[in-house]
Amino acid sequence: MEWTMAPAGMAAAARKVITGLLESGREAYFVGGCIRDELLGRPVHDIDLTTSALPEEVMAVFPRCVPTGLAHGTVTVLQDGFSFEVTTYRTESGYADHRRPEHVSFVSDVKEDLRRRDFTINAICCGLDGELVDPFQGAQDLGARRVRCVGSAEERFDEDALRMLRCVRFASVLDFAVAKNTWRGLLRQRDKLAHIAVERVRAETERIVEGPHPVRGLGLLARSGLLARGKAPFPWTGEALAAAAAMLAGIGELESARLRWALLLHALGQSAEAADKLLRAWTFPGAARSSIAAVLRVREAWDAALASVAPDTPGATEQLRRRWIAAVLSIGAEAADGWVTLLAALPQAAAGRAGGAEPPVQDSGAGMAAPADAAALRAANHAANADHVVSRAANHAAHADHVVSRAANHAAPLHQHIPPAALRSWTAEMPIRSLADLAVSGKELAGLLEKTPGPWLGVLLNKLLLAVAAGDSPNDRQVLLQEARRMDIHEL
C-alpha cells in the first residue's frame, strides 16, 4: 500500500512490521482509522495493525514490544522510533457494563475481527498489496459520506454505549450524515449512556465542540437527547434549542477551545457560577474551568453595566467605559478579551441583546420563540426518520439568525453604540492592568498614612489602580501618594 497521508517514516516502519509478521507465516493488515483517513485524504497520525498471530507470537517476532493489552490481544511494537498497536483477530461478547467485553476469543478470519467493530468506515483493512478487505462496504459509505453501524445498530450501541457519542463525533468531524437505521438504533439505546464514565463522555464531547464542524455535532447532540442521559446531565434541552442554535452559528470560527465552551454555555443561558459547577461535574481541569467561567463573569459584569446606565444619561458612554475597565481589572484582561471575541462571533442581534444569562428563547416580549422552537422540536421528534438529519441540523443553525433578531428587538439600545471594537480599544488604552504595575506599594501607602495594614489598604490600592487605568491619574509614585492622602482624608 502506498501511503499518501501518513508521515513517510511512520509508513515505512509500519510496512516493516507487516512484513515481519508475513514472513513469520501470519496474516497482517493495516486497519481501522488509518485506512479511513487515508481514503478520505485526511492526515494519518497513527497506524494500527491487525494480525492472525497470537500476542506471544507477535512478541517473538519483534525484539522491542510492550504488552499493552495481552488479554485483549494487543501488543505495542516499537519500530524505528514509532509505536504500532498490533492486535490479534478477535471476537468479543458479554458487554455487561455496556462498555467493555467480558469475553475475548482469538479467531483466524480477519472478517470476523472486522465484524466486531463499531462503524463500517472503521471496519476496513488493507494489506501491503493495497487491496482492501471491506466486507461491510465501508468504502462505499465513505463515498456516500455516511456513518453506519456494522450490523445491527442497536446491538453495537448496547455493547458499548460510548459508540453513540462516537457516532455523533464522526458525523460532526467528518461532516457526514448518519444512516437512518443507525440513528434509530441510537435513539432506542440512548438511555444506556448512563453507564459511561463522565470522563469518557466529556472526552468525546470535547472533540465535537472543538472539532471542525461543531454546529453540526451540537445539533445532533441536541436532537439525540444523549447528554441529558449521562451521569452528569448537560443542559442542552429542546426548550433552548432554536435560540441556542442561532447564537452558536459562529462557534466554528473560534479557534480557542475555552471560548467555544464559553459560547456554548452562554447560549444555553448558564451563569458563571452554574457553568463552573457544570464543568466541575464534567471533570474539566481546574484551569480550563476557571478560564471558561471567567469569560462568563465578564459577560455578567458588562450586562450589569448596561442595565445600570440609561441610554439618555449624560456621559453614559464614559460611565460604561469606566465600568468596563473595572471589569478588566477585577476579572482579567484575558477573560475580557475572550468575551469581546464572543460578542464579535455572536449574530448581530444576539450581541445587541448583550447576552445575559437568560437565553433568548425564554423572552416573552417578542412573542416569537415558540413557533421556531416548536419547529426545532418537531425536527428532533422526527430525527429518527431522517437520513440526512445532520445536514438539516447544521442548516437550521446557520440560518436561524432571524430567530434571535426578533427576540432582540427590545434589547438595550445603548449596546448598539458600544461595539466589540470599542471594548477592545478601551482595554488596549489602559496604561496598567494589575496592582503589580502600580507605581506605589501597599507598604508605602501604610507608611505614608501611618496606618496598620488591613482591608482598607486593598480598597485604597484598587481605587488608585482604577484611577490610573481609566486615565484619571498618571502612574507616578509622588502623584499617587498625594492622591492616596487625598482619598484618605476624603474618607474621613
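**Re the overall build of the chain**
Thinking step 1. Counting its regular elements, the chain contains 24 helices and eleven strands.
Thinking step 2. Per-residue burial over the chain gives 52% buried out of 492 residues.
Thinking step 3. Across the chain, every contact between residues at least 6 apart in sequence was considered, and the portion connecting residues at least 24 apart equals 69%.
Thinking step 4. When the accessible surface of the chain is split by element, carbon and sulfur atoms take 51% of a total near 21300 Å².

**A word on the environment of L132**
Thinking step 1. Considering the arrangement of structural elements, one finds L132 in strand β9 (residues 132-133).
Thinking step 2. L132 sits 102 residues away from F30 along the chain, and the two C-alpha atoms are 9.6 Å apart.
Thinking step 3. Beyond its immediate chain neighbours, meaning those up to four positions away, L132 contacts I35, L39, I124, C125, C126 and A139.

**Description of empty space enclosed by the protein**
Thinking step 1. Scanning all chains against the criterion turns up three cavities of 30 Å³ or more.
Thinking step 2. Within this model, the second largest cavity holds a volume of roughly 50 Å³.
Thinking step 3. Lining of the second largest cavity is provided by L193, V198, V201, R202, L226, L227, G230, K231, A232 and W282.
Thinking step 4. Split into classes, the residues belonging to the lining of the second largest cavity amount to seven nonpolar, one polar and two charged.

**Overview of the pairing of strand β1 (residues 28-31)**
Thinking step 1. Burial along β1 is two-sided: A28 and F30 and Y29 and V31, pointing in opposite directions, are all buried.
Thinking step 2. Note: β1 against strand β2 (residues 48-51), four bridges, orientation antiparallel. Looking across to β2, one finds that V31 is bridged to D48.
Thinking step 3. When β1 meets strand β8 (residues 125-126), the two strands line up antiparallel, connected through two bridges.

**Looking at the packing of helix α15 (residues 316-331) against helix α21 (residues 420-428)**
The relative placement of two packed helices is expressed as an angle between their axes plus a distance between the axes.
Thinking step 1. Between α15 and α21, the shortest axis-to-axis distance is 10 Å and the interhelical angle comes to 65 degrees. For the element pair α15 and α21, the recorded crossing hand is right-handed. Contact residues: α15 offers T317, L320, R321, W324 and V328, while α21 offers L423, W426 and T427.
Thinking step 2. Per-class residue counts for the contact of α15 with α21 are five nonpolar, two polar and one charged.

**Quick notes on the pattern of salt bridges**
Thinking step 1. One pass over the structure, following the stated rule, counts 31 salt bridges.
Thinking step 2. When the shortest N-O distance is used, the salt bridge between R156 and E159 registers 2.8 Å. In this pair, R156 and E159 both sit in helix α6 (residues 153-159), three residues apart, roughly one turn of the helix. When sorted by exposure, R156 lands in the same class as E159, which is buried.
Thinking step 3. For E206, the salt bridge is made with R202, and the minimal N-O distance between the two is 2.9 Å. Highlighted residues: E206 and R202, both in helix α9 (residues 198-209), separated by four residues, approximately one helical turn. Assigned by exposure class, E206 and R202 land together as buried.
Thinking step 4. Here the salt bridges share partners, and the residues they tie into one network are E155, R156, E159 and R163.

**Section: the packing of aromatic side chains**
Thinking step 1. Enumeration according to the criterion identifies ten aromatic pairs in this entry.
Thinking step 2. Seen in terms of ring centroids, F119 and F170 are 5.8 Å apart; in terms of plane orientation they differ by 80 degrees. Their pairing is edge-to-face. Remark: F170 occurs in helix α7 (residues 162-174) and F119 occurs in the loop between α4 (110-115) and β8; sequence separation between them is 51 residues.
Thinking step 3. F170 sits in the buried class, given a relative accessible area of 5%.

**What to know about unusual backbone geometry**
What you tend to see is this: most non-glycine residues have negative phi, and most peptide bonds are trans.
Thinking step 1. One non-glycine residue with positive phi stands out, namely D80, at about 50 degrees.
Thinking step 2. Summarising the element assignment, D80 is placed in the loop between β4 (74-79) and β5 (82-88).
Thinking step 3. A relative accessible area of 43% means that D80 is categorised as partly exposed.
Thinking step 4. Phi is positive for R145, which is not a glycine, with a value near 55 degrees.
Thinking step 5. Mapped onto the elements of the fold, R145 is located in the loop between α5 (138-144) and β10 (146-147).

**Focus on the confidence of the model for the chain**
Segments scoring low in pLDDT should not have their predicted coordinates read at a detailed level.
Thinking step 1. Per-residue pLDDT for the chain has a mean of 86; in total, 82% of the residues score no lower than 70.
Thinking step 2. In the predicted structure, residues 354-414 sits below a pLDDT of 50 and forms 110 contacts with residues beyond four places in sequence or in another chain.

**Concerning the packing of α15 against helix α23 (residues 455-469)**
Thinking step 1. Their axes nearest at 10 Å, the elements α15 and α23 cross at an angle of 125 degrees. In this view, α15 runs oblique relative to α23, as classed from their interaxial angle. The interaxial crossing formed by α15 with α23 has right-handed handedness. Side by side, α15 and α23 meet where R322, I325, A326 and L329 of the first sit next to L465, L466 and A469 of the second.
Thinking step 2. Residue classes in the contact of α15 with α23 are distributed as six nonpolar, no polar and one charged.

Parameters at a glance
- Residues numbered from 1 in each chain as written.
- Predicted model: local features only at pLDDT ≥ 70, side-chain atom pairs only at ≥ 80, totals over all residues.
- Heavy atoms only, no water.
- Helix = DSSP H or I, 4+ residues; strand = E, 2+ residues; numbered from the N terminus.
- Buried < 20%, exposed > 50% of the residue type's maximum accessible area, 1.4 Å probe, protein only.
- Contact = heavy atoms within 4.5 Å.
- Areas by Shrake-Rupley, 256 points an atom, 1.4 Å probe, with all protein chains shown as cover.
- 1 Å grid on protein atoms, 1.4 Å probe; cavity = no way out; pocket = protein on both sides within 12 Å on 5 of 7 lines; lining within 4 Å.
- Points joined across faces, edges and corners; volume = space filled by probe spheres on them.
- Nonpolar A, V, L, I, M, F, W, Y, C, P; charged D, E, K, R; others polar.
- Pairing = 2+ DSSP bridges.
- Axes fitted to C-alpha atoms, helices over the stretch in contact; angles between N-to-C directions.
- Left-handed = near helix turned anticlockwise from the far one by under 90°.
- Salt bridge = Lys/Arg side-chain N within 4 Å of Asp/Glu carboxyl O.
- Phe/Tyr/Trp six-rings, centres within 6.5 Å; stacked < 30°, edge-to-face > 60°.
- pLDDT = per-residue confidence, 0-100.
- Parallel < 35°, antiparallel > 145°, perpendicular 65-115°, else oblique.

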